[in-house]
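# Close look at the chain arrangement
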Amino acid sequence: MTVLPMVGSVPPPVNRRFLARPGNGPDGVGEHALHGRGRTGSHPVSGVQARSSSRCLLPSSAGRHPWCPRIRKVYDMATILITGASDGLGRALAEDLAADGRHTLLLHGRDHDRLREVAVATGGETYRADLASLAGVRRLAADVAARHDRLDVLVNNAGVGFHAEGTRRQTSADGHELRLAVNYLAPVVLTRELLPLLRRSAPSRIVNVASVGQQPFDFDDPGHTREYTDVAAYCRSKLALVCHGFDLAGELSDSGITVNSLHPASFMPTTMSRRSGMDVVDTLEQGVAATRRLVDAPELAGVTGRYFDGEKEGRAAAEAYDPEYRRSLAEVTASLL
Ligand SMILES: NC(=O)c1ccc[n+]([C@@H]2O[C@H](COP(=O)([O-])OP(=O)(O)OC[C@H]3O[C@@H](n4cnc5c(N)ncnc54)[C@H](OP(=O)(O)O)[C@@H]3O)[C@@H](O)[C@H]2O)c1
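Here, residues in each chain are numbered from 1, in the same order as that chain's written sequence. Local features in this predicted model are restricted to residues whose pLDDT is 70 or higher, and side-chain atom pairs enter the listing and the counts only when it is 80 or higher, whereas totals over whole chains, interfaces and linings include all residues.

For the purposes of this entry, the term helix denotes a DSSP run of H or I that reaches at least four residues, the term strand denotes a run of E that reaches at least two, and both are numbered from the N terminus. Broken down by element type, the protein chain carries ten helices and eight strands. Buried positions account for 48% of the 337 residues belonging to the protein chain. Taking the intrachain contacts of the protein chain between residues at least 6 apart in sequence as the baseline, contacts between residues at least 24 apart amount to 70%. Neighbour counting defines burial: a residue surrounded by 20 or more other C-beta atoms within 10 Å of its own C-beta is buried, one with 12 or fewer is exposed, and intermediate counts give partly exposed, using backbone-placed C-beta atoms. Our contact criterion uses C-beta atoms placed from the backbone: two residues qualify when those atoms are within 7 Å.

The alternating pattern of strand E4 (residues 153-156) places Val 153 and Val 155 on one face and Leu 154 and Asn 156 on the opposite face, and all of these are buried. Note on pairing: DSSP must find at least two bridges between two strands before they are called paired. With three bridges joining them, strand E1 (residues 79-82) and E4 adopt parallel strand pairing. Looking at E4, one finds that Leu 81 is bridged to Leu 154. Convention used here: a crossover is right-handed provided that the path from the first strand, over the helix, to the second strand proceeds clockwise when the strands point away from the viewer. Handedness of the β-α-β unit built from E4, helix H6 (residues 178-200) and strand E5 (residues 204-209) comes out right-handed.

Looking now at unusual backbone geometry. Glycine aside, negative phi is the norm for most residues, and most peptide bonds take the trans geometry. For the bond from Ala 202 to Pro 203, the omega torsion is 5 degrees, close enough to zero to count as cis. The residue Pro 203 is located in the loop between H6 and E5 in this model. For His 224, which is not glycine, the phi torsion reads 55 degrees and is therefore positive. For His 224, the location among the structural elements is in the loop between E5 and helix H7 (230-251).

Of all hydrophobic cores here, the largest spans 81 residues; its most connected members are Ile 80, Ile 82, Leu 107, Val 137, Val 155, Leu 194 and Val 242. It is H6 that contributes the most residues to this core, 14 residues altogether. Those residues in contact with Leu 194 that lie beyond four places of it in its chain are Ala 141, Val 144, Leu 151 and Leu 154. Each nonpolar core reported here comprises buried Ala, Val, Leu, Ile, Met, Phe, Trp, Tyr and Cys residues connected via C-beta atoms within 7 Å.

A sheet is described by the order of its strands in space; here eight strands give the open sequence E3-E2-E1-E4-E5-E6-E7-E8, paired in mixed fashion. Strands at the two margins of the open sheet, each flanked by one partner only, are strand E3 (125-128) and strand E8 (312-313). When E1 meets strand E2 (residues 104-109), the two strands line up parallel, connected through four bridges. Considered in E2, the bridge of Thr 79 is made with Thr 104. For helices, the fitted line uses only the C-alpha atoms of the stretch in contact; every axis is such a line through C-alpha atoms, and the angle between N-to-C directions lies from 0 to 180 degrees. H7 contacts E5, strand E6 (257-263) and strand E7 (306-309) of the sheet and is inclined by roughly 160 degrees relative to E6.

Once that is clear, we can look at the environment of Glu 95. Relative to the helices and strands, Glu 95 is located in helix H3 (residues 88-98). Each C-alpha atom, one on Glu 95 and one on Val 118, is 7.9 Å from the other, the two residues being 23 residues apart in sequence.

With that settled, the discussion passes to the confidence of the model for the protein chain. Residue-level pLDDT values for the protein chain average 82, and 78% of them are 70 or greater. As a per-residue measure, pLDDT tells how confident the predictor is, with possible values from 0 to 100. Taken together, the stretch residues 1-72 has pLDDT below 50 and engages in 148 contacts with residues farther than four places along the chain or on a different chain.

With that settled, consider the site of the ligand. Near, for a residue, is defined by distance from a backbone-placed C-beta atom to a molecule or strand, with 6 Å as the limit that must not be exceeded. Around the ligand sit 31 residues, and of these Gly 84, Gly 88, Gly 159, Thr 270 and Met 272 come closest. Breaking the shell around the ligand down by element, the ones donating at least two residues are H3 and helix H8 (271-276). Put simply, Ala, Val, Leu, Ile, Met, Phe, Trp, Tyr, Cys and Pro go in the nonpolar bin, Asp, Glu, Lys and Arg in the charged bin, and everything else, Gly too, in the polar bin. Split into classes, the residues belonging to the shell around the ligand amount to twelve nonpolar, 14 polar and five charged.

Let us look at H6. Helical periodicity: at 3.6 residues per turn, an α-helix aligns residues three or four positions apart in one direction. What a helix should span is 1.5 Å times the count of its residues minus one. Along its 23 residues, H6 runs 32 Å from first to last C-alpha, staying within 8% of the 33 Å computed at 1.5 Å per residue. At Leu 194, H6 shows its strongest bend, of approximately 50 degrees, with the proline Pro 196 following within four residues. Judged by how many residues are buried, H6 sits mostly within the fold: 18 of 23 residues are covered. Bend, at a single residue, is the angle you get between axes fitted to the 7 residues ending at that residue and the 7 residues starting at it.

With respect to the helices and strands, the residue Thr 283 is situated in the loop between H8 and helix H9 (284-296). Separated by 16 residues in the primary sequence, Thr 283 and Phe 267 have C-alpha atoms spaced 8.0 Å apart.

Axis separation between H6 and H7 bottoms out at 7 Å; the angle between their running directions is 20 degrees. Of the possible angle classes, the one that applies to H6 and H7 is roughly parallel. Of the two possible hands of crossing, H6 and H7 adopt the one that is right-handed. Two secondary-structure elements touch here, H6 through Arg 179, Leu 180, Asn 183, Tyr 184, Pro 187, Val 188 and Thr 191 and H7 through Asp 230, Ala 233, Tyr 234, Arg 236, Ser 237, Lys 238, Ala 240, Leu 241, His 244 and Leu 248. Class assignment for the residues of the contact of H6 with H7 results in nine nonpolar, four polar and four charged. Throughout, the term roughly parallel applies to angles under 35 degrees, roughly antiparallel to angles over 145, roughly perpendicular to angles from 65 to 115, and oblique to all others. By convention the crossing between two helices is left-handed if the near helix lies anticlockwise of the far one by an angle smaller than a right angle, and right-handed if it lies clockwise.

A word on the packing of H3 against helix H4 (residues 112-122). Packing of H3 against H4 brings their axes to within 9 Å, and their N-to-C directions diverge by 20 degrees. Considered as vectors, H3 and H4 are oriented roughly parallel to each other. Note on packing geometry: the crossing formed by H3 with H4 is right-handed. Facing Arg 91, Ala 94, Glu 95 and Ala 98 of H3, the residues of H4 in contact are Val 118, Ala 121 and Thr 122. Partitioned by chemical class, the residues of the contact of H3 with H4 number four nonpolar, one polar and two charged.

What follows deals with H3. Buried residues dominate H3, accounting for eight of its eleven residues. Residues of H3 that are buried include every one of Gly 88, Leu 89, Gly 90, Arg 91, Ala 92, Leu 93, Ala 94 and Leu 97, and no others.

Below, the structure is given as structure tokens:
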């Protein structure tokens, strides 16, 4: 990985929940992204029709739903891939799912020892890959596909954050700005490569762990060489991930694969938060509960193309609802891959 000299130096942006650091200036994230109400527009909804009339094994309150025979599968013995399972939210989610004792957990990480520790704690299978390399991402997908003929849930959780003292602009193995590469390009590619497995396993779910920290992409500077801060880079990557999730949900509307994104919780006690220098705001349990809900909550069967703030539906930055913006982002993305 190449480390380039910092280009420009501007104070990090701030938003009240995401960056409550005193003394910072205004950020590029609109209020709507922080405190907005749930979106009411129509979303492509898929996978709600029952395929069989087999008896529902869910609690009786859920048994009346016509889609029960299909969601039952996700509950009973799901194959679930979690990226970034070696630490923080990913690890805690893996442990939470492992407590069910019936899922096949595919744990991704890049550090052998930490990944092994989580595997021992959860009984999951391990997959090592550096997501700062698109070849590594493709290899990860190929490894998963070689060992499994189904995938019920893909949780794109791995991410690189920002540092209290700021970091210089860094690049991935492919020469892309690092946060864009790991937080956005990697999940885009991983998801694409795993679509055949997810299709075969439908109804299946894609869960994108994004953030309330969102900033628009600069289409005149896709490499983020101007006015770089690691916070801005992180926020750009997270809005891009939400936008991609909205587009993909539309593309997959008839497939039985749902795609949802979320801000899990704010400044949970994880390595990423510690490095940011911010005070802890929410618990790890809150983040796990919000993410787990998207993984297997029965009430979200067939729900797709949404952005959640914790356990409630939220509103992402305005650009995410602008088809023109998303089209431009998709074009730039295609040119980077
Ligand atoms: N912490 C928060 O309060 C918060 C708030 C909003 C959103 N989020 C999001 O939640 C997700 C998890 O964050 P966290 O707080 O749990 O962070 P974390 O504790 O730092 O864990 C991040 C995970 O991503 C992996 N990772 C990072 N760069 C990677 C790379 N190049 N290749 C492969 N794996 C890589 C890490 O692997 P290593 O163990 O090898 O480093 C680790 O497993 C992130 O997407 C983050 O943006 C977190």
